[in-house]
Amino acid sequence: MADRVTVIGWDGSPLTRAATAALSAATLVAGAAHHLVLPEVPKGAERIRLGSVDLAARRIAGHRGSAVVLADGDPGFFGVVRTLRAPEHGLEVEVVPAVSAVATAFARAGMAWDDAQVVVAHPRTLRRAVNVCRAHHKVAVLTSPGAGPAELALLLEGVHRTFVICEELGTDRERVTVLTSDKAADHTWRDPNVVIVIGGGPETTATGAWFAGREPAYPQGVRGWALPADAYREAGATRMQESGEGESPNLRAAQLAILGPRTGDLVWDIGCGSGALAVEAARFGAAVLAVDADPGACSRTDAAARAFGVPLQIVCGRAPHVLERLPEPDVVRVGGGGVPVVRAVVDRRPERIVTHASTRDEAEALGAALTGNGYTVACSLLQSVDLDTEVWTERERSVVFLLSARRSDVAP
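Because the structure is predicted, anything quoted here is derived from the model rather than measured.

K.L.:
Talk me through the packing of helix α13 (residues 338–347) against helix α14 (residues 360–370); I want residue IDs and the actual numbers.
P.N.:
Between α13 and α14, the shortest axis-to-axis distance is 9 Å and the interhelical angle comes to 20 degrees. Between α13 and α14, the crossing angle belongs to the class labelled roughly parallel. The interaxial crossing formed by α13 with α14 has right-handed handedness. Contacts from Gly338, Val339, Val342, Arg343 and Val346 in α13 reach Ala365, Leu366, Ala369 and Leu370 in α14. Taken together, the residues of the contact of α13 with α14 break down into 7 nonpolar, 1 polar and 1 charged.

Right under this line is the structure:
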């Protein structure tokens, strides 16, 4: 095992005294090509060009002497430190940090970033990174080859965002470009780069904020989930209304519990009605596409989203035909449309689907449409009674069949 392993962050500025001292004593230096040509790298040191950090870590673990790993920005922030310290390598490291690429990008843009989400985009995670950009006002994307500004823009088709693209930060070739997302796919961008994605609603961190990231969507005086219509009206969604068993807060609570919307997900809410489920899924941090054929429902959904300060993409059109051009969902609520819509959703293979029925015959038909195709189907009869607590008499009763389908190849 190496006698000493030092990880040095580099942001283009002159190396610190501690970094220079560690490099001067190094017998092995690992880094990208532009790191290995730095004049501070000893001529007699073994040099490893970083491709796979795991492979480099094994080489370092077997080295006898002092090893240095050079990395861009802060190596402890989505950097090499985590991999080097992994139990399978057993390396104890000293870290000499530099300013992270994200901090530098926001500095170049002249923007605060304590309210920003930060994601890493690889080809395998690009879709989830795009969903974060759909769902949040301010996102910094650490890109990679095959998952850069052009690919982000293509997957955000139909969603207006502003891109601040920062290429080769800290080098003589540094370039910062501001343009709308629909123009980003028309250019070739240099790696490495950071993309700041802006849009999707108002900034959510006010003066005096006490934690980093997006402020939870709690309008003043509103707390909780599966809220009744009154709570939406109090928050400012004055056109909010409940209509039928599909809008019951108790049913909505059960549907949200099954769907489990989370950051990085894309939720389809088909037959969004009042917009309550779409808004509450967005409050969990998920991206949401709210679909309804009724323009009035689309307007109510938009008003509810504005009241709670969450970005939604609203699609006014009739399912199942309108679903064909929508991006792939992770979880889906079918609030209307019956068997044809359920079958169309099953064909898109989301991880989870929920729907409801008011009669047993309807529930059996929906269950048959969900059964098979690699899904495990469950059905429950939900009954709730709203009581007047002044006289303890029944005020309203709701009875509904709740159906859910979970893809069998995905962990519960």
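K.L.:
How would you summarise the layout of surface pockets if you had to cite specific residues and measurements?
P.N.:
What the largest pocket holds in volume is close to 1,400 Å³. For the lining of the largest pocket, the secondary structure elements donating two or more residues are α2 (33–36), β4 (66–72), α4 (81–84), α5 (101–109), β8 (162–167) and β10 (193–198).

K.L.:
I'd love a proper account of the sheet that holds β10, names of residues and values included.
P.N.:
The strand order β6-β7-β10-β8-β9 describes an open sheet built from 5 strands, whose pairing is mixed. If you trace the sheet from one side to the other, it starts and ends with β6 (117–120) and β9 (175–180), each paired once. Taking the axes of each pair of neighbouring strands and ignoring which way they run, one obtains an average angle of 20 degrees across the sheet. Note that β6 and strand β7 (residues 138–142) share 4 bridges and pair parallel. Looking across to β7, one finds that Gln117 is bridged to Val139.

K.L.:
An account of the pairing of strand β13 (residues 313–316) is needed here, citing residue identities and associated values.
P.N.:
Examined bridge by bridge, strand β12 (residues 287–292) and β13 share 4 bridges and lie parallel to one another. Residue pairing for β13: Asp292 is matched across the bridge by Cys316. A crossover connection joins β12 to the parallel β13 through helix α12 (residues 295–308); in handedness this β-α-β unit is right-handed.

K.L.:
Describe in detail the side chain of Thr143, supporting the description with residues and values.
P.N.:
Structurally, Thr143 can be placed in the loop between β7 and α7 (149–155). Among the polar contacts listed, one links the side chain of Thr143 to the side chain of Asn193, at a separation of 2.6 Å. Setting aside anything within four residues of it in sequence, one finds Thr143 in contact with Ala121, Gly148, Pro149, Asn193 and Val195.

K.L.:
Which residues make up empty space enclosed by the protein, and what values go with them?
P.N.:
In total, this model carries 2 cavities of 30 Å³ or more according to the counting rule given. Here the second largest cavity defines a volume of roughly 40 Å³. If you trace the second largest cavity, you find it lined by Arg4, Thr6, Ala22, Ala25, Ser66, Ala67 and Val68. Top element by residues in the lining of the second largest cavity is β4. It accounts for 3 residues.

K.L.:
Go over the pattern of salt bridges with me, naming the residues and quoting the values.
P.N.:
One pass over the full model with this rule turns up 22 salt bridges. With a shortest N-O distance of 2.7 Å, Arg175 and Glu167 are connected by a salt bridge. Take Arg175: its relative accessible area is 35%, and that puts it in the partly exposed class. Judged by relative accessible area, which is 0%, Glu167 ranks as buried. Residue Arg407 pairs with Asp409 through a salt bridge whose shortest N-O separation is 2.7 Å. By relative accessible area, Arg407 is classed as buried at 19%. Each of Arg127, Arg128, Arg262, Asp265 and Asp330 takes part in salt bridges that share partners, so that together they form one network.

K.L.:
An account of a nonpolar patch on the surface is needed here, citing residue identities and associated values.
P.N.:
Judged by side-chain polarity, Val385, Leu387 and Trp392 come together as a nonpolar surface patch covering roughly 300 Å² of accessible area. Take Val385: it is sitting in strand β16 (residues 375–388). Residue Val385 is classed as partly exposed on the basis of its relative accessible area of 36%.

K.L.:
Explain the sheet that holds strand β1 (residues 4–10) residue by residue, including any values.
P.N.:
Reading across from one edge, β3-β2-β4-β1-β5 is the order of the 5 strands in this open sheet, with parallel pairing throughout. Only two strands of the sheet have a single partner each, and these edge strands are β3 (46–49) and β5 (93–96). The sheet shows a mean angle of 20 degrees between the axes of neighbouring strands, direction not considered. Together, β1, β2 (28–31), β4 and β5 form the strand contacts of helix α1 (residues 17–24), whose direction differs from that of β1 by roughly 135 degrees. Contacts from helix α3 (residues 53–61) reach β1, β2, β3 and β4, with the element oriented near 160 degrees to β3.

K.L.:
Tell me about the packing of aromatic side chains, and please be specific about residues and values.
P.N.:
Evaluated as defined, the whole model comprises 3 aromatic pairs. Note on Phe77 and Phe78: the rings are 5.1 Å apart at their centroids and 75 degrees apart in plane angle, and the pair reads as edge-to-face. Looking at Phe77, the relative accessible area reads 29%, which means it is partly exposed. Ring centres 5.8 Å apart and planes at 5 degrees place the aromatic pair Phe106 and Trp113 in the stacked group.

K.L.:
I'd love a proper account of α14, names of residues and values included.
P.N.:
Residues of α14 that are buried include every one of Ala363, Leu366, Gly367, Ala369 and Leu370, and no others. What you see down the axis of α14 is that its buried residues fit within an arc of 160 degrees, all on one side. Of the exposed residues in α14, the ones pointing more than 90 degrees away from its buried face are Asp361 and Ala368. Next to the buried residues of α14 lie α13, β15 (352–357), β16 and β17 (393–407). Remark: Gly372 follows α14 within two positions and exhibits a positive phi of approximately 85 degrees.

Analysis parameters
- Residues numbered from 1 in each chain as written.
- Predicted model: local features only at pLDDT ≥ 70, side-chain atom pairs only at ≥ 80, totals over all residues.
- Heavy atoms only, no water.
- Axes fitted to C-alpha atoms, helices over the stretch in contact; angles between N-to-C directions.
- Helix = DSSP H or I, 4+ residues; strand = E, 2+ residues; numbered from the N terminus.
- Parallel < 35°, antiparallel > 145°, perpendicular 65-115°, else oblique.
- Left-handed = near helix turned anticlockwise from the far one by under 90°.
- Contact = heavy atoms within 4.5 Å.
- Nonpolar A, V, L, I, M, F, W, Y, C, P; charged D, E, K, R; others polar.
- 1 Å grid on protein atoms, 1.4 Å probe; cavity = no way out; pocket = protein on both sides within 12 Å on 5 of 7 lines; lining within 4 Å.
- Points joined across faces, edges and corners; volume = space filled by probe spheres on them.
- Pairing = 2+ DSSP bridges.
- Right-handed = clockwise from strand over helix to strand, strands pointing away.
- Polar contact = N/O pair within 3.5 Å; in protein donor to acceptor, adjacent residues only side chain to side chain.
- Salt bridge = Lys/Arg side-chain N within 4 Å of Asp/Glu carboxyl O.
- Buried < 20%, exposed > 50% of the residue type's maximum accessible area, 1.4 Å probe, protein only.
- Patch = residues over 30% accessible without salt bridge, like charges linked within 9 Å, V, L, I, M, F, W, Y side chains within 5 Å.
- Areas by Shrake-Rupley, 256 points an atom, 1.4 Å probe, with all protein chains shown as cover.
- Phe/Tyr/Trp six-rings, centres within 6.5 Å; stacked < 30°, edge-to-face > 60°.
- Arc of directions from axis to C-beta.

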